[in-house]
Amino acid sequence: MAINPSIITRDLDKIAEKTGNLYESLHVVGQRAKQISSTLKEELNNKLSEFASTVDNLEEVFENKEQIEISKFYERMPKPSTMAMEEFLEGKVYHRYPTEGSGE
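Presented here is a report on the structure given in the accompanying data block. Note that the structure is a prediction, hence the values are computed from the model and not measured.

A word on the packing of helix α2 (residues 22-49) against helix α4 (residues 80-89)
Running from amino to carboxyl end, α2 crosses α4 at an angle of 125°, the nearest separation of the two axes being 8 Å. Comparing the axis directions of α2 and α4 gives the class oblique. Pair α2 / α4 crosses with right-handed handedness. Across the interface between the two elements, Ser25, Leu26, Val28, Val29, Arg32, Ala33, Ile36, Ser37 and Leu40 from α2 touch Pro80, Ser81, Met83, Ala84, Met85, Glu87 and Phe88 from α4. In the contact of α2 with α4, the residues fall into 11 nonpolar, three polar and two charged.

In C-alpha cells, the structure reads:
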C-alpha cells in the first residue's frame, strides 16, 4: 500500500505553542484553510469561465482541453489544509482574540 508523500507527522507541541492550546491552534489553521480554499475556488472558476462557450462546435473540444489543463494544475497543488498548516508553523498567519462587546 503506497503512502501519500504529503502526509507527514507533526509535532503537536510546536502546533500548540503558537496559541498555548492545541485545539485553538487547529481552529486557526482550519479557518485559514477555509480562506485559502475559497480563494483558490474563486480563482479556478474565473479562469475556467474565460474558456466557457455557449456554442456547440468543434472549437469547444479545444476549449475543453484548456479547461482540463487548468483543472489539472489546481488538482496538483497542495491541499488548503497543508498550505494553512505550513503558514501557521512559519508564523505567517495572523490571528487575534475578539474583544468583548465588539459583537464578534
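Considering the nonpolar core
In this structure, Val29, Leu44, Ile70, Tyr74, Ala84 and Phe88 are the most contacted members of the largest nonpolar core, which totals 14 residues. With seven residues, α2 is the single largest residue contributor to this core. With residues up to four places along the chain from it excluded, the contact list for Phe88 reads Ile15, Lys18, Thr19, Ser25, Val28, Val29, Val93 and His95.

Cut-offs and rules
- Position numbers for residues count from 1 along each chain, tracking the sequence in the order it is written.
- Predicted model: local features are reported for residues with pLDDT of at least 70 only, side-chain atom pairs are reported and counted for 80 or more only, and whole-chain, interface and lining totals are derived from all residues.
- Excluded from the side-chain calculation are hydrogens and water; included are all heavy atoms of the structure.
- For helices, the axis comes from a line fit to the C-alpha atoms of the stretch in contact; other axes are also lines fit to C-alpha atoms, and the angle between any two N-to-C directions lies between 0 and 180 degrees.
- Each helix corresponds to a stretch of at least 4 residues labelled H or I by DSSP, and each strand to a stretch of at least 2 residues labelled E; elements are numbered beginning at the N terminus.
- In these notes the angle categories are as follows: under 35 degrees is roughly parallel, over 145 is roughly antiparallel, 65 to 115 is roughly perpendicular, and the rest is oblique.
- By convention the crossing between two helices is left-handed if the near helix lies anticlockwise of the far one by an angle smaller than a right angle, and right-handed if it lies clockwise.
- In this analysis, two residues are considered to be in contact whenever any of their non-hydrogen atoms come within 4.5 Å of each other.
- Side-chain classes are defined by residue name, with Ala, Val, Leu, Ile, Met, Phe, Trp, Tyr, Cys and Pro counting as nonpolar, Asp, Glu, Lys and Arg as charged, and the others, Gly among them, as polar.
- Residues belong to one nonpolar core when they are buried, are Ala, Val, Leu, Ile, Met, Phe, Trp, Tyr or Cys, and are joined through side-chain atoms within 4.5 Å.
- Buried means the residue's accessible area, taken with a 1.4 Å probe over protein chains only, is under 20% of the maximum for its type, while exposed means over 50%, and partly exposed covers the values in between.

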